[in-house]
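Breakdown of the fold
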Amino acid sequence: MIQIEFTSGTRRPPLSSAIPLDAGRRYGLLAGRKILLVEDEALVAVEIELALQMQEALVIGPAMDVSLAVKLASEAIFDGAILDISINGGDALLVADILTRRDIPFLFHSAHGQRVRGLSKYDAAPVCSKPIPADQLMSHLASILQTA
Amino acid sequence: MQHEHYLKREFDALMADPSSIRFLDEGALDGLWYWDLENPDHEWMSPGFWRTLGFNPDDREHLAAEWQDLIFPEDGQRALENFQRHCADPNHPYDQIVRYRTGYGGTVTIRCRGLAIRRDGVPVRMLGAHTVIHDSRKAEMERRLSDLIYLSGDAIMAWSLTGGIKRWNRGAEIVYGHSKTAAMGQDPNRLLAARYDDGWDKVLAVLEDWGEWSGDVHRKDRDGKDVVTSSVLHRAEIHADDMLILQIDRNVTALRHAEQVRELLARELDHRVKNLMAVVTSIVSMSAVGQKDPTKLAEAIKSRVKALSAAHSLSFEEAQHGAVGLEDMASAILTPFHSDEQDLSVSGDPVTVPQRQVTPLSMILHELATNAVKYGAWCRQEGKVSLDWSLVEPAEAQQIVELSWRETGSDTATAGDDGTSGFGTRLIDMSARQLGGTVVRDWRAEGLSLTLRFPLQTLDQ
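The shown structure was predicted, so the numbers you read here are calculated from the model rather than taken from an experiment.

**Observations concerning the overall build of chain A**
Across its full length, chain A holds four helices and eight strands. Reading the helices (α) and strands (β) of chain A from amino to carboxyl end gives β-β-α-β-α-β-β-β-α-β-β-α. Expressed as a percentage of the 148 residues in chain A, the buried residues total 42%. Once local pairs closer than 6 in sequence are excluded, the contacts in chain A between residues at least 24 apart make up 64%.

Here it is, written out as structure tokens:
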């Protein structure tokens with residue numbers, strides 16, 4: 001059964017709860033943007049979800065398998081996407097094709113890095129190799145949303 | 001008187017030069033000898049004479065007895081008869097085939113010719129030359145070489161573009177399964193469905209231009225099985241529009257397969273390591289949320305990373321796809337959390353957790369244990385946790401695990417509300433989704449009861 005899940009994330013985390021590690025980070029890079037998250041590693045998904053919420057984005061997903069990812073990519077309304085390439089049930093390049101057709105900017109976030117064949121045809125999509133700090137991932141995402 | 005050709009005169013003069021003798025000895029003939037018939041014990045033999053017979057010239061003396069000991073007796077007898085007749089009559093040629101025992105234990109067959117030099121009609125010296133007819137060493141080598149070719153495990157064949165296969169060794173029979181009789185006359189490229197990376201036309205062009213081509217070739221044996229060979233094709237002859245090709249194929253099917261598997265494993269390992277790194281990075285940043293005390297933060301990170309590494313070190317020990325027994329995994333993760341053996345009971349059907357499901361399951365178990373220590377059964381003296389699981393519908397292709405975590409003896413059953421439990425709950429829910437399963441929580445008076453149902457991935461998924 002496919003479940004579409006929206007996580008509201010407009011709550012800016014109170015600065016008082018931030019530990020010193022967070023000092024100097026910028027918030028609100030993605031204010032009001034809707035972002036599709038395709039990621040099948042629960043912990044990583046939760047982390048990115050939180051990072052997106054910190055940037056005041058609205059998270060669509062996370063989709064943890066191909067069928068949900070394809071459904072969300074085709075039907076949901078959103079501004080950008082973070083795609084893990086190899087997820088439960090196959091590879092997410094199908095999703096990349098749908099996003100390209102819909103002209104929605106996205107980036108790849110994968111432990112396979114640049115080695116996946118066939119990435120070159122999505123030349124507008126940056127490839128972020130795991131592990132990458134979540135705030136860097138957010139900056140990359142913000143920059144492709146700006147140019148789009 | 002007939003005029004002598006000037007070159008003949010020059011030739012005779014040239015013969016007086018010692019270097020001419022050396023040339024004849026080494027270049028044109030297989031040995032020279034010069035015999036003193038007045039003093040027949042003495043005979044000079046050239047260096048080439050001894051080398052041909054397999055001896056070091058420096059070890060031999062210039063005595064007729066030296067060769068007389070080596071010649072086959074019956075051949076020596078025949079030579080002696082010829083010698084006597086030639087001495088009596090210059091028109092009777094001293095010319096015969098004789099055999100010598102050689103220095104390396106073989107036999108060499110030699111045409112031995114000689115001419116008596118006469119003074120006043122009386123033979124006083126004799127000049128002779130050896131020419132090798134047959135060297136048993138060479139013949140033996142050739143025989144052994146053809147044995148080697150026959151016995152080689154490599155497929156060795158000779159074939160021509162128009163006439164097909166002409167030679168087909170035992171190795172070819174073994175590698176390709178076609179008998180020699182079946183292979184003769186066939187085009188080997190067609191017979192074996194050969195596939196060259198650059199195409200046969202390219203190979204043929206290389207053979208025409210360079211005489212030799214080498215590389216991997218994909219073929220099919222008699223049973224249709226794939227055979228990968230490392231091959232050398234050598235152009236032996238070109239005749240009109242035909243070409244004779246010598247071909248050696250080494251079967252590298254198993255080797256290439258092993259290389260592929262190794263490469264795949266290396267990639268899989270690389271992927272797993274990077275994924276784990278990503279998970280650890282997430283643990284670090286997630287543990288930081290809402291945690292102001294650096295000591296507690298460090299503990300929280302350490303505890304989660306330890307659970308993960310406990311589960312995964314088990315998975316690396318298992319030979320089969322990094323799968324782990326659920327019971328081993330549960331005790332590796334939960335042992336650090338409870339002080340007393342009585343605090344925890346673990347039981348269930350034997351279940352093997354495939355590698356891809358190890359991380360989310362270990363995260364769930366870890367979050368449950370953390371929660372029990374902070375707010376649940378394990379923060380009270382008499383609190384207990386029982387972890388049970390069973391395989392539901394085990395006859396189905398897709399096996400479902402139903403796992404229950406039941407806490408008893410805690411009187412304050414709350415979710416905890418210091419801000420970090422929200423993350424724990426979210427992580428459990430997401431991990432359950434990663435497993436493709438569902439979580440049901442029941443907050444009862446004696447403590448949390450949680451049921452997790454998830455399908456076991458098959459090992460090769």
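And the narrative resumes.
**Points about the overall build of chain B**
When its secondary structure is counted, chain B shows 15 helices and 18 strands. In chain B, which comprises 461 residues, the proportion classed as buried is 28%. Sequence separation of 24 or more characterises 48% of the internal contacts of chain B that already satisfy a separation of 6 or more.

**What about the environment of proline 47 of chain B?**
Among the structural elements, proline 47 of chain B can be located in helix 3 (residues 47-52). The spatial distance from the C-alpha of proline 47 of chain B to the C-alpha of glutamate 26 of chain B is 8.4 Å, given a sequence separation of 21 residues.

**A word on the interface of chain B and chain A**
Each side of the interface is counted separately: chain B has 26 residues, and chain A has 19 residues. Elements supplying a minimum of two residues to the side of chain B that touches chain A: helix 11 (253-288), helix 14 (355-374) and helix 15 (420-434) of chain B. A total of 12 residues in the side of chain B that touches chain A trace back to one element, the largest contributor, which is helix 11 of chain B. Tallied by class, residues from the side of chain B that touches chain A come to 12 nonpolar, 10 polar and four charged.

**Quick look at the pairing of strand 16 (residues 400-408) of chain B**
All names here are of chain B. Because side chains alternate across strand 16, one face comprises the buried residues Val401, Leu403, Trp405 and Glu407, and the other comprises Ile400, Glu402, Ser404, Arg406 and Thr408, none of which is buried. Here strand 15 (residues 384-392) runs beside strand 16; their pairing, made up of nine bridges, is antiparallel. By the bridge assignment for strand 16, leucine 387 is matched with tryptophan 405. Note: strand 16 against strand 18 (residues 447-455), seven bridges, orientation antiparallel. Bridging from a neighbouring strand, glutamate 402 pairs with arginine 453 of strand 18.

**Considerations on the nonpolar core**
Of all hydrophobic cores here, the largest spans 88 residues; its most connected members are Ile35, Val38, Ala69, Ile82, Leu83 and Val95 of chain A together with Ile333 of chain B. Of the residues forming this core, the biggest block, 10 residues, is contributed by helix 1 (residues 42-54) of chain A. If near-sequence neighbours (up to four positions away) are discounted, isoleucine 82 of chain A is found in contact with Ile35, Leu37, Val38, Ile48, Leu107, His109, Leu137 and Leu141 of chain A. Formed by 17 residues, the second largest nonpolar core is a distinct cluster that contains Met157, Trp159, Val175 and Trp213 of chain B.

**Regarding the sheet that holds strand 4 (residues 107-119) of chain B**
In any sheet, the strands associate via hydrogen bonds between backbone groups, in a parallel or an antiparallel arrangement. Residues and elements named next belong to chain B. Taking strand neighbours across the sheet as the criterion, the five strands line up as 2-1-5-4-3 in an open arrangement whose pairing is antiparallel. Because the sheet does not close on itself, it has two edges, and the strands there are strand 2 (43-45) and strand 3 (94-101). Each strand axis lies, on average, 25° off the axis of its neighbour in the sheet, ignoring direction. Here eight bridges tie strand 3 to strand 4, and the two strands are oriented antiparallel to one another. Bridging across to strand 4, tyrosine 94 finds its partner in glycine 114.

**Points about the packing of helix 2 (residues 66-75) of chain A against helix 3 (residues 93-102) of chain A**
All names here are of chain A. Contact geometry of helix 2 with helix 3 gives a least axis separation of 9 Å together with a crossing angle of 0°. Put simply, helix 2 runs roughly parallel to helix 3. Side by side, helix 2 and helix 3 meet where Val66, Ala69, Val70, Ala73 and Ser74 of the first sit next to Leu94, Val95, Ile98 and Leu99 of the second. Grouping the amino acids of the contact of helix 2 with helix 3 by side-chain chemistry returns eight nonpolar, one polar and no charged.

**With respect to the confidence of the model for chain B**
Caution applies to low-pLDDT parts of the model: their predicted coordinates are not meant to be read in detail. Residue-level pLDDT values for chain B average 86, and 93% of them are 70 or greater. Scored as a complex, the prediction yields pTM 0.57 and ipTM 0.71.

**Structural notes on the packing of helix 13 (residues 326-334) of chain B against helix 14 of chain B**
Residue and element names in this part refer to chain B. With their axes 10 Å apart at the nearest point, helix 13 and helix 14 run at an angle of 40° to one another. Overall, the two elements helix 13 and helix 14 adopt an arrangement that is oblique. Every pair of crossing elements has a handedness; the one defined by helix 13 and helix 14 is right-handed. Listed contacts from helix 14 to Met329, Ala330, Ile333 and Leu334 of helix 13 are Ser362, Leu365, His366 and Ala369.

**So, the pairing of strand 4 of chain B**
All names here are of chain B. Counting the residues that bridge the hairpin from strand 3 to strand 4 gives five residues, and of these glycine 105 lies at a positive phi of roughly 90°. By the bridge criterion, 12 bridges tie strand 4 to strand 5 (residues 122-135) in an arrangement that is antiparallel. By the bridge assignment for strand 5, isoleucine 110 is matched with valine 132.

**A closer look at the sheet that holds strand 11 (residues 242-251) of chain B**
Residue and element names in this part refer to chain B. Strand order in this open sheet of six strands is 7-6-11-10-9-8, and the pairing throughout is antiparallel. The outermost strands of the open sheet, each flanked by one partner alone, are strand 7 (164-168) and strand 8 (195-196). Of the pairings in the sheet, the one linking strand 6 (residues 155-160) to strand 7 comprises four bridges and is antiparallel in character. Across the sheet, the residue bridging to methionine 157 is tryptophan 168, located in strand 7.

**Re unusual backbone geometry**
Residues and elements named next belong to chain A. Going from glycine 61 to proline 62, the amide bond is cis rather than trans, its omega being -5°. For proline 62, the position within the fold is in strand 3 (residues 58-63). That bond from lysine 130 to proline 131 is cis: its omega, -10°, falls within 30 degrees of zero. Of note, proline 131 is situated in the loop between strand 8 (127-129) and helix 4 (134-147). The backbone of glutamate 56 shows a phi angle near 65°, a positive value even though the residue is not glycine.

Reading guide: rules and limits
- Residues numbered from 1 in each chain as written.
- Chains lettered and ligands numbered in written order.
- Predicted model: local features only at pLDDT ≥ 70, side-chain atom pairs only at ≥ 80, totals over all residues.
- Helix = DSSP H or I, 4+ residues; strand = E, 2+ residues; numbered from the N terminus.
- Buried ≥ 20, exposed ≤ 12 C-beta atoms within 10 Å, placed from the backbone.
- Contact = placed C-beta atoms within 7 Å.
- Nonpolar A, V, L, I, M, F, W, Y, C, P; charged D, E, K, R; others polar.
- Pairing = 2+ DSSP bridges.
- Core = buried A, V, L, I, M, F, W, Y, C linked by C-beta atoms within 7 Å.
- Axes fitted to C-alpha atoms, helices over the stretch in contact; angles between N-to-C directions.
- Parallel < 35°, antiparallel > 145°, perpendicular 65-115°, else oblique.
- pLDDT = per-residue confidence, 0-100.
- Left-handed = near helix turned anticlockwise from the far one by under 90°.

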